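What follows is each chain in one-letter form.
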Amino acid sequence: MKIGAVVVAAGSGSRAGGEKPKQYQTIGGRPVLWWTLKALLDHPRIAAVQTVIGPYQTGLFRDAVSDLDIAPPVTGGATRQESCRIGLEALARHGLTHVLIHDAARPFLSPELIDRVIAGLATHQGAVPGLAVADTLKRAASGTIERTIDRSGLWAVQTPQGFAYDAICAAHEKARQAGHSQLTDDAAVAEFVGLDVAIVAGSPENRKMTTMDDIAEADRTLNRNLTDIRTGMGVDIHAFAPGDHVMLCGVRIDHTQRLAGHSDADVALHALTDAILGAIGEGDIGTFFPPSDPQWKDAPSSIFLSKAVELVRQRGGKVGNADIAILAEVPRISPHLAAMKSSLSAMLGIGEDRIAIKATTAETLGFVGRREGVTAFANVIVRLPG
Ligand code: CTP
Ligand code: MG
């Protein structure tokens, strides 16, 4: 078997609403589509993954998958059925025997579910995951009940739906030629030409994001899994040198001196970056950005913090909170605390209620008190999947 996958992500998500289509809404710190693609890319039996996106979604797609090794997308059609056909055609050069067709809007597909669909394909032209209907079914088109429908033998079907590649391509072509364009799943396309399609056990977790409530619930689910709680701490010191401003927490503060350093010497961001790296057992800033490397000369320290945050995200985790203390005799920091909080909130991707910054003088004691430099301390909590 040589198996490929088509992920249809060309819908507009009209029932969910929101600023961007539901497949680009964030759950667990990542777009819905990222989770979907990751599950398929990570599965050892899947040789090629083809994404089908909407006509104006190229930028959204690029941002969503920037850290995934994924083939370029193709542009879908006006209906799901058309988008599937376009995705199938795009896989033609791979010499596939089988293909799985999956909704981008189902990010919780497990490797076991994929295995069950593939197992079904050993004996059938198609295999579709389904859940036996448990609730009593009523027909009530006008709002009042007309009749009760016998639920025995009824299944609610999901994706990924697996098929023999040539057979489903031919079925799509035939359905298109017959003027069908609104079939809502590929099993219906297969049914149109009479393919033999098995039902395999679906999974309740593999639900489709349809409304904003589904997306909010998915986000809660992913957050509940972040049970591996880590703490990290970081300290940094920079000396004053001649200049006209200092950078603290990404905010420029006018001052009669600057802080000396290879980068912009943002002592608070350096302490915070080290704290996050510490929480995930990853060395320190110098490990990733050696001071000997000229490309970091005068670099904004936000680059360092972004790298640490990205490493957390790559582990499927998130920063829980950050608590920062800055020891400085000068400049006065309190007028800038609000701007600093807002800057950190954007860089960390967490609310300002999870960020604390306090500044204190050293009461003229020590190197800080003698106005020779500034020290910063940072503590963080990082939550990783348990
Ligand atoms: N889809 C697609 N091309 C279309 C319509 C839908 O690729 N022309 C994809 C969607 O992106 C989604 C899947 O098919 O991943 C299932 O469709 P649905 O849940 O109906 O998504 P939308 O059509 O985007 O949502 P809505 O119906 O609420 O507008
Ligand atoms: Mg739709």
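Residue positions are given per chain, counted from 1 along the sequence in the order it is written. A letter from A marks each chain and a number from 1 marks each ligand, given out in the order of writing. Totals for whole chains, interfaces and linings use all residues, but because this is a predicted model, local features are given only for residues with pLDDT of at least 70 and pairs of side-chain atoms are given and counted only at 80 or more. Excluded from the side-chain calculation are hydrogens and water; included are all heavy atoms of the structure.

1. A closer look at the site of ligand 1
Throughout, the term near means that a residue has one or more heavy atoms lying within 4 Å of the molecule or strand in question. Around ligand 1, 19 residues are found, and the nearest of them are Val 8, Gly 13, Ser 14, Arg 15 and Ser 83. Within the backbone of Val 8, a nitrogen or oxygen atom sits 2.8 Å from an oxygen atom of ligand 1. Backbone polar atom of Gly 13 to an oxygen atom of ligand 1: 2.8 Å apart, as the coordinates give it. Residue exposure ignores everything except the shown protein chains as possible cover, and the areas themselves are Shrake-Rupley values with a 1.4 Å probe. When the free accessible area of ligand 1 is taken as 560 Å², the share hidden by the protein chains comes to 88%. Helix and strand labels come from DSSP, where a helix needs a run of H or I of at least four residues and a strand needs a run of E of at least two; each type is numbered from the N terminus. Elements represented by at least two residues in the shell around ligand 1 include exactly strand 1 (3–9) and helix 3 (80–90). Residues are sorted three ways: Asp, Glu, Lys and Arg are charged, Ala, Val, Leu, Ile, Met, Phe, Trp, Tyr, Cys and Pro are nonpolar, and all the rest, Gly among them, are polar. Its residues assigned to classes, the shell around ligand 1 shows 6 nonpolar, 8 polar and 5 charged. Within 3.5 Å is the distance limit for a polar contact, defined as a pair of N or O atoms, with the added protein rule that one can donate a hydrogen and the other accept it, and that residues adjacent in sequence qualify only through two side-chain atoms.

2. Focus: helix 7 (residues 212–224)
Every α-helix winds through 3.6 residues per turn, so residues three or four apart in the chain are directed the same way. Helix span, expected: 1.5 Å multiplied by one less than the number of residues in the helix. An ideal rise of 1.5 Å per residue puts 18 Å on 13 residues; helix 7 measures up with 18 Å between its terminal C-alpha atoms. The contact criterion used throughout is that any non-hydrogen atoms of two residues lie within 4.5 Å. In this structure, the buried side of helix 7 is in contact with strand 2 (26–27), helix 1 (32–41), strand 17 (318–327) and strand 19 (373–384).

3. Quick word on the domain arrangement of the chain
Domain segmentation is taken from an automatic or database assignment of domains. The domain architecture assigned to the chain consists of domain 1 (3–224) and domain 2 (228–384). For domain 1 and domain 2, the distance between their C-alpha centres works out to 44 Å. Taken together, the contact between domain 1 and domain 2 spans 4 residues of the former and 5 residues of the latter. When two parts are put together, the accessible area they lose, computed with a 1.4 Å probe and summed over both, is reported as buried area. Between domain 1 and domain 2 the total buried area reaches about 440 Å² when both faces are included, carbon and sulfur atoms providing 26% of it. On the domain 1 side of the interface with domain 2, the three residues burying the most area are Gly 29, Arg 30 and Asn 223, jointly 72% of the side's total. Along the contact surface separating domain 1 from domain 2 lie 4 residue pairs in polar contact (both at pLDDT 80 or more).

4. Notes on the nonpolar core
Counting residues in each nonpolar core, the largest one holds 43 residues, and the members touching the most others are Leu 272, Ile 276, Ile 326, Leu 344 and Leu 348. Residue assignment for this core shows that the elements contributing at least two residues are strand 14 (245–248), strand 15 (251–254), helix 8 (267–279), helix 10 (302–314), strand 17, helix 11 (337–348), strand 18 (355–360) and strand 19. The element contributing the most residues to this core is helix 8, with 9 residues. Apart from residues lying up to four places away in sequence, Leu 344 is in contact with Cys 249, Leu 269, Leu 272, Leu 305, Ile 324, Gly 349, Ile 355 and Ile 357. We define a nonpolar core as any set of buried Ala, Val, Leu, Ile, Met, Phe, Trp, Tyr and Cys residues linked to one another through side-chain atoms lying within 4.5 Å. Relative accessibility decides the category of a residue: with a 1.4 Å probe and only protein chains considered, values under 20% of the type maximum give buried, values over 50% give exposed, and everything between is partly exposed. Ile 27, Ile 46, Ile 53 and Ile 215 belong to the second largest nonpolar core, which has 37 residues in total.

5. Some thoughts on helix 6 (residues 186–193)
Taken residue by residue, helix 6 has Asp 186, Ala 187, Ala 188, Val 189 and Ala 190 as its buried positions. The secondary structure elements touched by the buried residues of helix 6 are helix 3, strand 6 (98–103), strand 7 (126–132), strand 11 (161–164), helix 5 (165–177) and strand 12 (197–201). Just beyond helix 6, the residue with positive phi is Gly 194, at close to 80°.

6. Description of the pattern of salt bridges
A side-chain nitrogen of Lys or Arg and a carboxyl oxygen of Asp or Glu constitute a salt bridge if their distance falls within 4 Å. A full pass over the atoms with the stated rule returns 17 salt bridges. Residue Asp 103 pairs with Arg 80 through a salt bridge whose shortest N-O separation is 2.8 Å. Placement of Asp 103 in strand 6 and of Arg 80 in helix 3 is noted, with a sequence separation of 23 residues between them. Of the residues examined, Asp 103 reaches a relative accessible area of 10% and is grouped as buried. Taking the relative accessible area as the measure of exposure, Arg 80 reaches 22% and is therefore partly exposed. The partner of Arg 80 in a salt bridge is Asp 186, and the shortest N-O contact between them spans 2.9 Å. Of the two residues, Arg 80 is situated in helix 3 and Asp 186 in helix 6; the sequence distance between them amounts to 106 residues. The structure contains a network of salt bridges with shared partners spanning Arg 30, Asp 67, Glu 310 and Arg 313.

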